[in-house]
Amino acid sequence: MSGIVVLEQFESHLHHVENDIQPTPGNTMHKKLLSLAAAVSVAAIFALPAAADQATEDAIKYRQAGYAFMSWNMGKIKAQVVDGSVPFDAAQVAAAANVIAAIANSGMGALYPVGSDQGTGFRPTRLKSEFFTQGEEVGRIAVNFNKAANALAQTAAGGDKDAIKTAFGQVGEACKACHDKFRNK
């Protein structure tokens, strides 16, 4: 339950109690209730930023996890299609490409709340603050990435190793465009 909801419920309850207890000389209950209300209000004010900070930290963790999983799948494709360090398995490459496309299309933009250029998920975020002031460029890069990821998944489904290598390179270029512009080294 959020601090706002708790505060609203408390204030509603306090209003009902205040109607039953009228201030009179010698009646200290009214003063105690007002003091308690003030204390809860102050506590709620300080609790709200902590809740917001936790939501930002969670967003950073989730996006870091998504990108780590995507990177792992990119590595599987690279090893089979680019480096040749692992024998080519079309089904495994297609599965990895599908994961990359799924993450690209998952709505990860929601994991970039304003202020999430500061904080630590599993490790300190490397997001540059310019990300929040260059929305049009962010959108262009994101659309290009989604298109490249979807094209990779479609190409990988066909099993043509050379075509997959080309599509994989386009995903890498789309990733690099964002990293170069919006990620601290």
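Residues numbered from 1 in each chain as written. Predicted model: local features only at pLDDT ≥ 70, side-chain atom pairs only at ≥ 80, totals over all residues. Heavy atoms only, no water.

Colleague: Give me the overall build of the protein: which residues, what numbers.
Modeller: Helix and strand counts for the protein stand at five helices and zero strands. Helices (α) and strands (β) of the protein occur, in sequence order from the N terminus, as α-α-α-α-α. Residue burial in the protein is summarised as follows: out of 185 residues, 28% are buried. In the protein, the proportion of contacts linking residues at least 24 apart, taken out of those at least 6 apart, comes to 67%. Of the roughly 11,100 Å² that the protein leaves accessible, carbon and sulfur atoms contribute 60%. (Helix = DSSP H or I, 4+ residues; strand = E, 2+ residues; numbered from the N terminus. Buried < 20%, exposed > 50% of the residue type's maximum accessible area, 1.4 Å probe, protein only. Contact = heavy atoms within 4.5 Å. Areas by Shrake-Rupley, 256 points an atom, 1.4 Å probe, with all protein chains shown as cover.)

Colleague: So what's going on with the packing of helix H4 (residues 135–158) against helix H5 (residues 161–182)? Residues and values would help.
Modeller: Following both chains from N to C, one finds H4 and H5 inclined at 160 degrees, their axes separated by 9 Å at the closest point. By the angle between their directions, the pair H4 and H5 is classed as roughly antiparallel. Crossing angle aside, the handedness with which H4 passes H5 is left-handed. Between H4 and H5, the contacting residues are Glu 137, Val 138, Ile 141, Asn 144, Phe 145, Ala 148, Ala 149, Ala 151, Leu 152, Thr 155 and Ala 156 on the first element and Ala 163, Ile 164, Ala 167, Phe 168, Gln 170, Val 171, Ala 174, Cys 175, Ala 177, Cys 178, Lys 181 and Phe 182 on the second. Among the residues making up the contact of H4 with H5, the classes are represented as 18 nonpolar, three polar and two charged. (Axes fitted to C-alpha atoms, helices over the stretch in contact; angles between N-to-C directions. Parallel < 35°, antiparallel > 145°, perpendicular 65-115°, else oblique. Left-handed = near helix turned anticlockwise from the far one by under 90°. Nonpolar A, V, L, I, M, F, W, Y, C, P; charged D, E, K, R; others polar.)

Colleague: Any details on the environment of Ala 65? Residues and values, ideally.
Modeller: Tracing the sequence through the fold places Ala 65 in helix H2 (residues 29–83). On the basis of relative accessibility, which here comes to 36%, the residue Ala 65 falls in the partly exposed class. C-alpha separation for the pair Ala 65 and Phe 122, spaced 57 residues apart in sequence, amounts to 8.4 Å.

Colleague: Explain the side chain of Arg 63 to me, and be specific about the residues and the numbers.
Modeller: Topologically, Arg 63 is positioned in helix H2. It is Asp 117 that comes nearest to the buried, bridge-free Arg 63 among opposite-charge side chains, at 7.3 Å. Those residues in contact with Arg 63, other than ones at most four positions away along the chain, are Met 108, Leu 111, Tyr 112, Ser 116, Thr 125 and Leu 127. (Lys, Arg positive; Asp, Glu negative; His and termini not counted. Salt bridge = Lys/Arg side-chain N within 4 Å of Asp/Glu carboxyl O.)

Colleague: Let's hear about the confidence of the model for the protein: which residues, and what values?
Modeller: Here the protein averages 83 in pLDDT, and 72% of its residues register 70 or above. Scored below 50 in pLDDT, residues 37–49 makes ten contacts in the model with residues more than four places away or belonging to other chains. (pLDDT = per-residue confidence, 0-100.)

Colleague: Could you give an account of helix H3 (residues 90–104), naming the residues involved and the relevant values?
Modeller: Compared with the 21 Å implied by 1.5 Å per residue over 15 residues, the 21 Å span of H3 between its first and last C-alpha is a close match. Turning to H3, its buried residues number three or more, namely Val 93, Ala 94, Ala 96, Ala 97, Ile 100, Ala 101, Ile 103 and Ala 104. With a side-chain oxygen lying 3.1 Å from the backbone nitrogen of Ala 91, the N-terminal cap of H3 falls on Asp 89. (Expected span 1.5 Å × (residues − 1). Polar contact = N/O pair within 3.5 Å; in protein donor to acceptor, adjacent residues only side chain to side chain.)

Colleague: Describe the state of the cysteines, with residues and values.
Modeller: By the definition in use, this model includes zero disulfides. We note that Cys 175 lacks a disulfide partner, and the nearest cysteine sulfur, in Cys 178, lies 8.3 Å from it. Using a relative accessible area of 26% as the deciding quantity, one classes Cys 178 as partly exposed. (Disulfide = S-S within 2.5 Å.)

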